[in-house]
Amino acid sequence: MKQKNVQTQVTGDGVFLEHTPKIKGVTGGLHFIFLERRIGIRDGKRNQLIRMGDGYTTSWVSCKERYGNTYIDSVYSRVISLEEPSVKAAYTLIVEMDKLLNETDPDVSELVGEGEDFEREVYMIEVKKKQRAQRILSIMKELSGIKAYMQTMDEKLDHHIEAAQNVVYAHISGYWRGLKSTSPEPVDGYPAVQERTYPGRDKYMLNRDTLIDAIRIALQKGSEASEEED
C-alpha cells in the first residue's frame, strides 16, 4: 500500500515569549518609572484629568494603554505565524487519517481460491492492513506531538501576556502615584481603563480551540480503530 508520509513540522519554539516584554512607547529609552512619576506630578498640577465612567484617566495613560494593547495583539499574531506550519501539518495528517480509516478490505474468510495466486492475494490484504494500522499509529504519535507543542506555546503565551500587562501596569502606576500627589481632584488608586479588544487574540483562540478539538477527535477515532484491530 502506498503511503503519503507527512513530515510533521513542529516549528517555532517561541523563545521570545520567555524574555521580558519590550514594549515600544512603554519600556526602553527614557521610559523610567521615576521620570514618569514626575510627569504624573506635572499633569496633576495642570489638572489633566479626563472623566471616564466613574473614574479618571489622562491622555498619557490612554497612550500607554494603546502601546500595551498594540504590543499584546502583535504577540498573538506572531505566535499564529510561528504555529502555522504545525497547524497545516496537523490538518494534513487528520485528512490522511480519515482516508485511511475509511478504507475497507475484502474479508479474507470469504475469499475462495487456491494455489499461489490465492495465497499471494490473502498475504497482500494482510500486509496492507498491517501497513495501514502502522501508519495510523504513526499519525497519532505525530498529532500528539503537535498537540503538546501547541499547549506548551499556549502556556508560554499566557505567561508573556501577563508579564506585558504587568509592565504596562507598573509604568502607569508610577505615573499615577505622581499625579495623585498633586491633583486637585480626589482620584482612585489606578486610572479608569478602557475596554480592551485584541483581534489577534480572538483569531489565535479560535485557531487553537478548533485545532485541538480536531486533534482530539482524530486521536479518539485512531484509538477506536486500533482497538478494533486488536
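Residues numbered from 1 in each chain as written. Predicted model: local features only at pLDDT ≥ 70, side-chain atom pairs only at ≥ 80, totals over all residues. Heavy atoms only, no water.

## Things to note about the packing of helix H1 (residues 33–45) against helix H3 (residues 115–182)
Part 1 of the reasoning: In the contact formed by H1 and H3, the axes pass within 6 Å of each other and the chain directions differ by 40 degrees. When the axes of H1 and H3 are compared, the crossing they make is right-handed. Residue-level inspection shows Ile33, Glu36, Arg37, Ile39, Gly40, Ile41, Asp43, Gly44 and Lys45 of H1 in contact with H3, the latter providing Ala170, His171, Gly174, Tyr175, Arg177, Gly178, Leu179, Ser181 and Thr182.
Part 2 of the reasoning: Its residues assigned to classes, the contact of H1 with H3 shows 6 nonpolar, 7 polar and 5 charged. (Axes fitted to C-alpha atoms, helices over the stretch in contact; angles between N-to-C directions. Helix = DSSP H or I, 4+ residues; strand = E, 2+ residues; numbered from the N terminus. Left-handed = near helix turned anticlockwise from the far one by under 90°. Contact = heavy atoms within 4.5 Å. Nonpolar A, V, L, I, M, F, W, Y, C, P; charged D, E, K, R; others polar.)

## Points about unusual backbone geometry
Part 1 of the reasoning: Although it is not a glycine, asparagine 47 sits at a positive phi angle of roughly 55 degrees.
Part 2 of the reasoning: As for its position among the elements, asparagine 47 is in the loop between H1 and strand S1 (50–52).
Part 3 of the reasoning: By relative accessible area, which is 39% here, asparagine 47 ends up partly exposed. (Buried < 20%, exposed > 50% of the residue type's maximum accessible area, 1.4 Å probe, protein only.)

## A short note on the environment of threonine 197
Part 1 of the reasoning: In this fold, threonine 197 is placed in the loop between H3 and helix H4 (199–229).
Part 2 of the reasoning: Sequence separation between threonine 197 and asparagine 69 is 128 residues; the distance between their C-alpha atoms is 7.9 Å.

## Remarks on H1
Part 1 of the reasoning: Here H1 contains 13 residues, and its C-alpha end-to-end distance of 18 Å stays within 8% of the 18 Å for a straight helix at 1.5 Å per residue.
Part 2 of the reasoning: Buried within H1 are the following residues: Glu36, Gly40, Asp43 and Gly44. All buried residues of H1 lie within an arc of 100 degrees about the axis, which places them on one face of the element. Summarising the geometry of H1, the exposed residues directed more than 90 degrees from the buried face are Phe34, Arg38 and Lys45. (Expected span 1.5 Å × (residues − 1). Arc of directions from axis to C-beta.)

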